[in-house]
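Structural characterization, general
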Amino acid sequence: MEKKRTLGCRRGFTLIELLVVVAIIALLVGLALPVFSSVQERARVTQDLNNLRQIGIGTQVYLNDHDSVVFSTDAAVGTWMAQLHPKNLPTWKIFQSPFDRRAPQEDDTSAPVSYGLNSTILGQTADKIARPSVFILFAPAQTSSTTVTFSGTAAAAVTVLRSTSTPGGTAPGGPQTKRQRINALYADSHSDSLTWTTFVAPANGTAGDDSNYRWEPAPASTPSP
């Protein structure tokens, strides 16, 4: 009798119990996924800022060696990226944003390049920039795709001007925070995150308007404060 009573107590989970366990697991996964995605996003944003800072440091060293000229326009010298790599920036990986899904390469022609130079200052001296803390020197150069993509390579210079990049066209939004924000490196070598609306805002021509200085080294039509 004792043996039969012991065997009778052994049973598996009922269907209801299994469904409850599955529901709890699904709930926990649902709660964890947004947190995991948010952590990944923050890591990419941080890496993106670090890349821009390294490009800024390499550019500053270049300027010190070339009388503050923001890269040569001589085709024989090469693109602005080629003028930094490999002397000032040892790897092409630094030129690739963590939001750029292309496979990294260390090739002087096909290496992915995600960041563009503000072409309005190319070939000029840095002292032409009226407000270095506002003037955007480098920023991610995305394509016009509805998803975040990049098409720049080491083969040709990558430039950016407001929302338009070459190559790539006019991007509909930034690469981060659901396309609402973008990182940028300023002429004074600091990097920061700003909203896409601010990034592409046109100059309104009023005194003290930062957008007058964001893309033009010294806006000619800016009124006196």
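The sections below set out a description of the structure shown in this document. (Residues numbered from 1 in each chain as written. Predicted model: local features only at pLDDT ≥ 70, side-chain atom pairs only at ≥ 80, totals over all residues. Heavy atoms only, no water.)

By the element assignment, Thr59 lies in helix H2 (residues 15-65). On the basis of relative accessibility, which here comes to 3%, the residue Thr59 falls in the buried class. Leaving out residues up to four positions away in the same chain, Thr59 has contacts with Phe71, Leu84, Leu137 and Phe138. (Helix = DSSP H or I, 4+ residues; strand = E, 2+ residues; numbered from the N terminus. Buried < 20%, exposed > 50% of the residue type's maximum accessible area, 1.4 Å probe, protein only. Contact = heavy atoms within 4.5 Å.)

Right, let's talk about empty space enclosed by the protein for a bit. According to the stated counting rule, one finds 1 cavity of 30 Å³ or more in the structure shown. In this structure, the largest cavity encloses a volume near 40 Å³. Lining the largest cavity are Pro140, Ala141, Gln142, Val160, Arg162, Ser163, Thr164, Ser165, Ala171, Ile182, Trp196 and Phe199. Residue assignment for the lining of the largest cavity shows that the elements contributing at least two residues are strand S4 (164-166) and helix H4 (196-199). Broken down by class, the residue content of the lining of the largest cavity amounts to 7 nonpolar, 4 polar and 1 charged. (1 Å grid on protein atoms, 1.4 Å probe; cavity = no way out; pocket = protein on both sides within 12 Å on 5 of 7 lines; lining within 4 Å. Points joined across faces, edges and corners; volume = space filled by probe spheres on them. Nonpolar A, V, L, I, M, F, W, Y, C, P; charged D, E, K, R; others polar.)

Taken in spatial order, the 7 strands make up an open sheet running S5-S4-S3-S1-S2-S6-S7, and their pairing is mixed. One side of each edge strand has no neighbouring strand; the edge strands of this open sheet are strand S5 (169-170) and strand S7 (191-195). Here 2 bridges tie strand S2 (residues 136-140) to strand S6 (residues 181-186), and the two strands are oriented antiparallel to one another. When the bridges of S6 are listed, Phe138 appears paired with Leu185. (Pairing = 2+ DSSP bridges.)

With that settled, the discussion passes to a nonpolar patch on the surface. Side chains of Ile16, Val20, Ile24, Leu27, Leu28 and Leu31 sit close together on the surface and give an oily, nonpolar patch of about 620 Å² of accessible area. Note on placement: Ile16 falls in helix H2. For Ile16, a relative accessible area of 62% gives the class exposed. (Patch = residues over 30% accessible without salt bridge, like charges linked within 9 Å, V, L, I, M, F, W, Y side chains within 5 Å. Areas by Shrake-Rupley, 256 points an atom, 1.4 Å probe, with all protein chains shown as cover. Salt bridge = Lys/Arg side-chain N within 4 Å of Asp/Glu carboxyl O.)

Bringing the nonpolar core into the picture now. With 37 residues, the main nonpolar core has Ile55, Trp80, Phe95 and Phe138 as its most contacted residues. Among the elements of the structure, H2, helix H3 (80-84), strand S1 (115-118), S2, S6 and H4 are those that each provide at least two residues to this core. Dropping the residues within four chain positions of it, Phe95 is found in contact with Ile55, Trp80, Met81, Leu84, His85, Leu89, Pro112, Val113, Ser114 and Tyr115. (Core = buried A, V, L, I, M, F, W, Y, C linked by side-chain atoms within 4.5 Å.)

Functional significance is not addressed by these values, which are geometric in nature.
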